[in-house]
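Architecture at a glance
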Amino acid sequence: MSSPIVELRGVKVTYRTRTGGSVFKHGSVNALRGVDLDISVGQTVGIVGESGCGKSTLAKVIVGLQEPTGGSVLFRGKPVRGRKGRTDFGRAVSVVFQDPATALNPRMTVLNTILDPMQVHGIGTRRSREARAYELLDVVGLPPSAAAVVPAQISGGQRQRVAIARALALDPQIIVADEPTSALDVSVRAQILNLLGKLKRELGLGMVFISHDIQTVRHVSDTICVMNDGVIVERGDAEQVFDDPHDAYTRKLLGAAPSLLHA
Ligand code: ADP
Ligand code: MG
């Protein structure tokens, strides 16, 4: 297997919260308490755990939006340093958030939304960027006519396709999808999952797929990490974690899954 693109070593994140009137003791929250994780191209890592266990914090660390307060993040084997380091990292690792309604700028057309990362990174000419944007619309299953609309004019599932097109604009090696289907109608969730699966296969991307729902993660992941209270309590081959969970918390999560109750 190829060497990892991103490596997390003993990553900790402690948020300071406002003291005085705060419900948190000591004015801080330990969102991540020592996480090791390797992310490589061609592999999907599923991250599953209940709300508040630290999944989104982990996503932000992996894409460089949250600085760890302990431990380290390596990009292609080295710490990310300086402006060029951060730019290279930003190109190689991109993110799709839970709610496309808030992740997209409501005043920007779909075309400009997809062009934006390419402009920011100074890639190509105006003409080549536009050609690429239309290509990306096609990749995510949207018609060319979608280019001219703003997010409010399309459905939630179509908006998430736009967010995925934007995430692909810089030809990343890794996509981190944080609950990419949780805000969508049940009827379109499978379509977005299938799209992400197709992209992974066809583009050879590495993917981190985050969900509170272990059944969702199961079908798209090669390996699964189960998180509880800021740590990974179990990790393994997706089949193994499902068929033979070693950790008591994993068994609890599986037991709580409605589709198993109805099986
Ligand atoms: P998840 O995505 O699994 O629901 P998060 O990473 O969003 O978990 O949150 C982990 C913990 O950190 C929670 O207790 C949450 O309340 C807290 N938290 C998240 N973001 C912040 C923040 N910016 N400031 C303070 N606490 C935060
Ligand atoms: Mg979250």
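Note: the structure precedes this text.
Now for a look at the structure at hand. (Residues numbered from 1 in each chain as written. Chains lettered and ligands numbered in written order. Predicted model: local features only at pLDDT ≥ 70, side-chain atom pairs only at ≥ 80, totals over all residues. Heavy atoms only, no water.)

**Describing the sheet that holds strand S4 (residues 70-75)**
- Read from one edge to the other, the open sheet built from four strands follows the order S2-S1-S4-S5, with strand pairing classed as antiparallel. Taken across any chain shown, the strands that pair with only one partner, and hence form the sheet edges, are strand S2 (28-39) and strand S5 (78-79).
- With two bridges connecting them, S4 and S5 associate as antiparallel partners. Of the residues in S5, the one forming a bridge with Phe 75 is Lys 78. (Pairing = 2+ DSSP bridges. Helix = DSSP H or I, 4+ residues; strand = E, 2+ residues; numbered from the N terminus.)

**Remarks on helix H7 (residues 186-203)**
- The end-to-end C-alpha separation of H7 is 26 Å, in line with the 26 Å expected for 18 residues at 1.5 Å each.
- Among the residues of H7, Val 188, Ile 192, Leu 193, Leu 195, Leu 196, Gly 197, Leu 199 and Lys 200 are the ones counted as buried.
- Tucked inside the fold, the buried residues of H7 contact strand S3 (44-48), helix H5 (126-139), helix H6 (156-168), strand S7 (174-178), strand S8 (206-211) and helix H8 (214-220).
- Just beyond H7, the residue with positive phi is Gly 204, at close to 65°. (Expected span 1.5 Å × (residues − 1). Buried < 20%, exposed > 50% of the residue type's maximum accessible area, 1.4 Å probe, protein only. Contact = heavy atoms within 4.5 Å.)

**Let's talk about the site of ligand 1**
- For ligand 1, the full set of nearby residues is Tyr 15, Thr 17, Val 29, Ala 31, Glu 50, Ser 51, Gly 52, Cys 53, Gly 54, Lys 55, Ser 56 and Thr 57.
- Take Gly 52: an N or O atom from its main chain is 2.6 Å from an oxygen atom of ligand 1.
- One nitrogen or oxygen atom from the main chain of Ser 56 is found 2.9 Å from an oxygen atom belonging to ligand 1.
- Coverage of ligand 1 by the protein chains reaches 64% of its 560 Å² of free accessible surface.
- For the shell around ligand 1, the secondary structure elements donating two or more residues are S2 and helix H1 (55-62). (Near = heavy atom within 4 Å. Polar contact = N/O pair within 3.5 Å; in protein donor to acceptor, adjacent residues only side chain to side chain. Areas by Shrake-Rupley, 256 points an atom, 1.4 Å probe, with all protein chains shown as cover.)

**Things to note about the pattern of salt bridges**
- Scanning the entire structure with this criterion turns up 11 salt bridges.
- A salt bridge links Asp 88 to Lys 84, with the nearest nitrogen and oxygen atoms 2.6 Å apart. Here Asp 88 and its partner Lys 84 are both found in helix H2 (residues 82-92), four residues apart, which amounts to about one turn of the helix.
- With a relative accessible area of 28%, Asp 88 lands in the partly exposed category. (Salt bridge = Lys/Arg side-chain N within 4 Å of Asp/Glu carboxyl O.)

**Points about the sheet that holds S7**
- The strand order S6-S7-S8-S3-S9-S10 describes an open sheet built from six strands, whose pairing is mixed. Pairing within the sheet leaves two strands with one partner each, and these edge strands are strand S6 (93-96) and strand S10 (231-237). Within this sheet the neighbouring strands show an average axis-to-axis angle of 20°, counted without direction.
- Here S3 runs beside strand S9 (residues 223-228); their pairing, made up of four bridges, is parallel. Following the sheet pairing, Val 45 is matched in S9 by Thr 223.
- Sitting on the sheet, H7 touches S3, S7 and S8, and the angle it makes with S8 is about 160°. (Axes fitted to C-alpha atoms, helices over the stretch in contact; angles between N-to-C directions.)

**Here we look at unusual backbone geometry**
- A positive phi angle, near 45°, is found at Arg 76, a position not held by glycine.
- With respect to the helices and strands, Arg 76 occurs in the loop between S4 and S5.
- Given the relative accessible area of 47%, Arg 76 is considered partly exposed.
- One non-glycine residue with positive phi stands out, namely Asp 171, at about 50°.
- Taking relative accessible area as the criterion, Asp 171 reaches 54% and is therefore assigned exposed.

**Here we look at the nonpolar core**
- Of all hydrophobic cores here, the largest spans 48 residues; its most connected members are Ile 114, Ile 164, Leu 168 and Ile 224.
- In this structure Ile 164 touches Val 96, Val 140, Ile 192, Leu 195, Leu 196 and Leu 199, once residues within four positions along its chain are discounted.
- Residues Ile 5, Ile 47, Phe 75 and Met 227 belong to the second largest nonpolar core, which totals 30 residues. (Core = buried A, V, L, I, M, F, W, Y, C linked by side-chain atoms within 4.5 Å.)

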